[in-house]
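Examination of the molecular architecture
Listed below are the residues making up each chain.
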Amino acid sequence: MQVVETWARHAAVVMLLLGTLAHLVLRAGLLNDPRVDLGGAEINVVYGVQKLVDGRPLYSDPEQPPFEAIQLAPLYHVLVSGMARVSGVGPLDTQGLYFVSRSQALALNLLTALLVLLLCRKNGANLGLSIALACIGFALLTEHFYGRSDALSTPLMLAACLVLAEVNASLLSWRRSFAVAVFSALAVLTKQTAVILPLFVAVHFMVQRDWRSLARFAIAGAGAAVLALGLLSCMASPDVLWKNLVVAVRNGIEPSMYKELFDRGVYKYHVGWHAIALLAPMLLVRRGRPLASLFGLAAGLAFVAGALGGLKSGSSLNYLVDGLLLALVAAVFLIKQAPERWQPWAHMALLGYGLLFMQHRVRLLDARVGDDAQRATHAFSLDSDRRTAAFLRDSLRLGAEDHVMITYRGHLELLLNGQGLLPQKDIIQWSTEPPFDLHRLKEMLDQGQVRAVVTDAPADTLRLLSWRHALVPIAQVNGRWVFAIKSN
């Protein structure tokens, strides 16, 4: 019986590795995909990267032309723009910018899987189970991790956890306190939601009544926070940062993430991980050794924070990923804490559910890659935007100070970076009301200060918010329509 059980475990690990390999092959096929969005408004991140490559500030006042808003903290943008410069990718090579961002994200995703493996090993899992959980962790990464800041903030969080998971290490040392504080600051400088990391570390010390460690971490964290704020202040004024990083994310409440989970019949593939994330704090906090308590608490807090964040309009499953990755590590402790006769069954149940989840994720990714006809459509769209940009510059003599209104999301927004008005349209679309004062935009439309309107379908009226402006045709360029706004 034990031989059969061992064979079954090894077979499951091999199948999870094969699933991960299939995942990698499909991901490689997306690196140079001409689409502007693989998930989560990816174009907004590339837009910010492009600004840095072009030598412009990342953040600007979203209430002034061209009404740009960069919702995310800057570290991922800085990293990708640096890689683009090193690689010789210019600001107008939009597909090259996507390739750099997606390649870097894939490397960071593999690092995330490696960190899950190391954390499981640190916490006593054997190599086979650690590999399996790392494969599952890689599959847990949603499309938002394929080219967005999520790809960097998550491994920074796991790196901090790895410092905390040092075997028999005292958290009282200043060195470890500063290391965790620095990783926390870098994670928050990548994505604001990473603030959950220093929060669960602090709560852990409180639960353990380790006041000395809490005091040292608080001091180290304060120093790292001051340094992070100093770096942010070099990028823009406090008012501009506030509008971009705080005001721009006030989209209102709308359970889009929960619709994605429950409206498509896929929750059966997620419920197991959610159950582990919720059980971990109940079964591990204060019942096991401090390290088990830490990961139980971290999984529960991160999952609940993601579940609450998922109520924000426009949210998706990426909000839950950090909590679920921590739940995978916590599962190691849950298995070890189970009665000995049940541990092999718990081990196999975890691997079996992981296989079910892996095939689900591979099928979803295969559908996202698409077929040859879909790829040809995306390539045609890229070519149309390039032709339209050339027409605007060459035939309409669009100058560097002129502005256009683009009504769809496409490469044209990037090819006219800084000239297309209101480029982050999803912020308006996902908001219950505009988060910014856009009266200046209405003035520009009313007073004829917009050189052209570009659509991807025939139109006779520009409809934006509650405003309506009649359009006069200028030209049709390869599936794009160029208009002027009819004067009153």
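Before reading further, recall that the structure is shown in the block above.
Reading guide: rules and limits
- Each chain carries its own residue numbering, running from 1 in the written order of its sequence.
- Selection of residues for local features in this predicted model requires a pLDDT of at least 70, selection of side-chain atom pairs for listing and counting requires 80 or more, and totals for whole chains, interfaces and linings are taken over all residues.
- Only hydrogens and water are set aside when side-chain values are computed; all heavy atoms of the structure are taken into account.
- Salt bridge, as used here, is a side-chain nitrogen of Lys or Arg placed within 4 Å of a carboxyl oxygen of Asp or Glu.
- Helix numbering and strand numbering both begin at the N terminus, where a helix is a DSSP run of H or I of at least 4 residues and a strand a DSSP run of E of at least 2.
- Working definition: with a 1.4 Å probe on protein chains only, accessible area under 20% of the residue-type maximum means buried, over 50% means exposed, and in between means partly exposed.
- Between any two strands, pairing holds if DSSP finds at least two bridges.
- Side-chain rings of Phe, Tyr and Trp, where Trp is taken by its six-membered ring, are said to pair if the distance between their centres is within 6.5 Å; with planes under 30 degrees apart they count as stacked, over 60 as edge-to-face, and otherwise as tilted.
- Only when the NZ atom of a Lys or the CZ atom of an Arg is both within 6 Å of the ring centre and within 35 degrees of the ring normal do we say a charge sits over the ring.
- What makes a patch is a set of residues exposed beyond 30% relative accessible area and free of salt bridges, joined within 9 Å when like-charged and within 5 Å when nonpolar (Val, Leu, Ile, Met, Phe, Trp, Tyr).
- Using a 1.4 Å probe, accessible areas were evaluated by the Shrake-Rupley method; residue-level cover was limited to the displayed protein chains.
- Structural elements are reduced to axes, namely lines fitted to C-alpha atoms, with helices fitted over the stretch in contact, and the angle between N-to-C directions of any two is expressed from 0 to 180 degrees.
- Oblique is the label for any angle not covered by the other classes, which are roughly parallel (under 35 degrees), roughly antiparallel (over 145) and roughly perpendicular (65 to 115).
- Here is the rule for handedness: rotate from the far helix to the near one, and if that takes an anticlockwise turn smaller than a right angle the crossing is left-handed, while a clockwise turn gives right-handed.
- Residue contacts follow a heavy-atom distance rule, with two residues in contact if any of their heavy atoms lie within 4.5 Å.
- Put simply, Ala, Val, Leu, Ile, Met, Phe, Trp, Tyr, Cys and Pro go in the nonpolar bin, Asp, Glu, Lys and Arg in the charged bin, and everything else, Gly too, in the polar bin.
- Pairs of cysteine sulfur atoms within 2.5 Å are identified as disulfides in what follows.

**A few points about the pattern of salt bridges**
- Following the criterion strictly, the structure yields 19 salt bridges and no others.
- With a closest N to O distance of 3.0 Å, Glu68 and Arg56 form a salt bridge. With Glu68 in the loop between α2 (42-53) and α3 (75-87) and Arg56 in the loop between α2 and α3, this residue pair connects regions lying 12 residues apart in the sequence.
- Taking relative accessible area as the criterion, Glu68 reaches 1% and is therefore assigned buried.
- The salt bridge partner of Lys243 is Glu63, with a shortest N-O separation of 3.2 Å. Of the two residues, Lys243 sits in helix α10 (residues 238-245) while Glu63 sits in the loop between α2 and α3, which places them 180 residues apart along the sequence.
- For Glu63, a relative accessible area of 21% translates into the label partly exposed.

**What to know about the pairing of strand β5 (residues 480-485)**
- Looking at chain direction, strand β2 (residues 452-455) and β5 are connected through 3 bridges and run antiparallel. Residue pairing for β5: Val453 is matched across the bridge by Phe483.
- Both strand β4 (residues 467-477) and β5 contribute to a ladder of 6 bridges, which runs antiparallel. By the bridge assignment for β5, Leu471 is matched with Ile485.
- The loop that links β4 with its antiparallel partner β5 comprises 2 residues; one of these, Asn478, has a positive phi angle of about 50 degrees.

**Digging into the pairing of β2**
- Side-chain alternation along β2 places Ala452 and Val454 on one buried face and Val453 and Thr455 on a second face that is also buried.
- Where strand β1 (residues 404-406) lies against β2, 3 bridges are found, and the strand directions are parallel. Considered in β2, the bridge of Ile406 is made with Val454.

**Digging into unusual backbone geometry**
- Cis geometry marks the peptide bond from Pro65 to Pro66, where omega comes out at 5 degrees.
- Of note, Pro66 is situated in the loop between α2 and α3.
- Positive phi values are uncommon outside glycine, yet Arg209 reaches one of about 55 degrees.
- In this fold, Arg209 is placed in the loop between α8 (196-207) and α9 (211-233).
- Phi at Asn478 takes a positive value of approximately 50 degrees, unusual for a residue other than glycine.
- Within the secondary structure layout, Asn478 lies in the loop between β4 and β5.
- Of the residues examined, Asn478 reaches a relative accessible area of 28% and is grouped as partly exposed.

**Considering the packing of aromatic side chains**
- All told, the structure shown has 6 aromatic pairs when counted by the stated rule.
- Aromatic pair Trp273 and Tyr353: ring centres 5.0 Å apart, planes at 65 degrees, arrangement edge-to-face. Of this pair, Trp273 sits in helix α12 (residues 271-284) while Tyr353 is found in helix α15 (residues 343-369), placing the two residues 80 residues apart along the sequence. The same class applies to Trp273 as to Tyr353, namely buried.
- Here a set of aromatic residues connected by ring pairs shows up, and it is made of Trp273, Tyr353 and Phe357.
- Lys191 extends its terminal NZ or CZ atom over the ring of Tyr319, reaching a point 5.1 Å from the ring centre.

**Brief notes about a nonpolar patch on the surface**
- A cluster of nonpolar side chains, Ile253, Leu278, Leu279, Met282, Val304, Leu308 and Leu311, forms an exposed patch at the surface whose accessible area comes to about 670 Å².
- Mapped onto the nonpolar patch, the elements with two or more residues apiece are α12 and α13 (290-309).
- It is α12 that contributes the most residues to the nonpolar patch, 3 residues altogether.
- Among the structural elements, Val304 can be located in helix α13.

**Looking at the packing of α3 against helix α6 (residues 150-164)**
- With their axes 8 Å apart at the nearest point, α3 and α6 run at an angle of 110 degrees to one another. On the basis of their axis angle, the class for α3 and α6 is roughly perpendicular. For the pair α3 and α6, the sense of crossing is right-handed. For the pair α3 and α6, the contacting residues are Leu75, Tyr76 and Leu79 in the first and Ala151, Leu152 and Leu156 in the second.
- Looking at the contact of α3 with α6 residue by residue, the class counts come to 6 nonpolar, no polar and no charged.

**Details of the state of the cysteines**
- Evaluation of the coordinates by the stated rule reveals 0 disulfides.
- Not engaged in a disulfide, the cysteine Cys120 finds its nearest cysteine sulfur in Cys135; these two sulfurs lie 11 Å apart.
- The class of Cys120 is buried, set by a relative accessible area of 0%.
- The class of Cys135 is buried, set by a relative accessible area of 6%.

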